[in-house]
Amino acid sequence: MHIQEIASCTPNLSDELLGVWERSIRATHHFLADSDIVRIRAYISKAIQTVEHLAAAEDSDGKTLAFIGVQEGRPEMLFVGSSCRGGA
């Protein structure tokens, strides 16, 4: 696994991060309806582009597994792909 800070979020990377976000949300936020997820997705897309610090964890093939956004020294977003979480 490789973790790197993202200096510039390209449209392709943004789409990849949104995919991680959506898979994470669907696996953990069962109280959200599909319409909620679609509505929130627009906010997350903007937040990914504007957060002060953004870092992603990638596997050896370069696939994004998780990401974190930090603003003013505080984690504001942390999403882990559903395939990377253990079941408990």
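Everything below is about the structure shown above.
Scope of this entry: the structure provided in the associated data block. (Residues numbered from 1 in each chain as written. Predicted model: local features only at pLDDT ≥ 70, side-chain atom pairs only at ≥ 80, totals over all residues. Heavy atoms only, no water.)

### Re the nonpolar core
(1) Moving on: One finds L17, I48, L54 and F67 to be the most contacted residues of the largest nonpolar core, which totals 17 residues.
(2) Moving on: Elements with a minimum of two residues in this core: helix 1 (11-28), helix 2 (34-50), strand 2 (53-58) and strand 4 (74-80).
(3) Moving on: Of the residues forming this core, the biggest block, 6 residues, is contributed by helix 1.
(4) Moving on: Apart from the residues lying within four places of it in its own chain, the contact partners of L54 are Q4, E5, I6, C9, L17, I48, F67, I68 and G69. (Core = buried A, V, L, I, M, F, W, Y, C linked by side-chain atoms within 4.5 Å. Buried < 20%, exposed > 50% of the residue type's maximum accessible area, 1.4 Å probe, protein only. Helix = DSSP H or I, 4+ residues; strand = E, 2+ residues; numbered from the N terminus. Contact = heavy atoms within 4.5 Å.)

### Quick word on the pairing of strand 4
(1) Moving on: In the sheet, strand 3 (residues 64-71) pairs with strand 4 via 6 bridges, with the strands oriented antiparallel. Each residue of the ladder has a partner; that of Q71, found in strand 4, is R74.
(2) Moving on: What sits between the antiparallel neighbours strand 3 and strand 4 is a turn of 2 residues, in which E72 has the positive phi angle 50 degrees. (Pairing = 2+ DSSP bridges.)

### Regarding the environment of E5
(1) Moving on: Structurally, E5 is set in strand 1 (residues 2-5).
(2) Moving on: Owing to a relative accessible area of 51%, E5 belongs among the exposed residues under this scheme.
(3) Moving on: Sequence separation between E5 and S24 is 19 residues; the distance between their C-alpha atoms is 20 Å.
(4) Moving on: Setting aside chain neighbours within four positions, we find E5 in contact with H53, L54 and A55.
(5) Moving on: Within the structure, E5 has its side chain in polar contact with the side chain of H53 (distance 2.7 Å). (Polar contact = N/O pair within 3.5 Å; in protein donor to acceptor, adjacent residues only side chain to side chain.)

### Digging into the pattern of salt bridges
(1) Moving on: Under the definition given, this model contains 5 salt bridges.
(2) Moving on: Between R41 and E22 there is a salt bridge, with its nearest N and O atoms 2.6 Å apart. With R41 in helix 2 and E22 in helix 1, this residue pair connects regions lying 19 residues apart in the sequence.
(3) Moving on: Exposure remark for R41: the relative accessible area of 28% places this residue in the partly exposed category.
(4) Moving on: Residue D34 pairs with R26 through a salt bridge whose shortest N-O separation is 2.7 Å. (Salt bridge = Lys/Arg side-chain N within 4 Å of Asp/Glu carboxyl O.)

### Digging into the environment of C84
(1) Moving on: Tracing the chain through its elements places C84 in the segment after strand 4.
(2) Moving on: Placed 18 residues apart in sequence, C84 and A66 show a C-alpha to C-alpha distance of 8.3 Å.

Take it as geometry only, folks, not as evidence of what the structure does.
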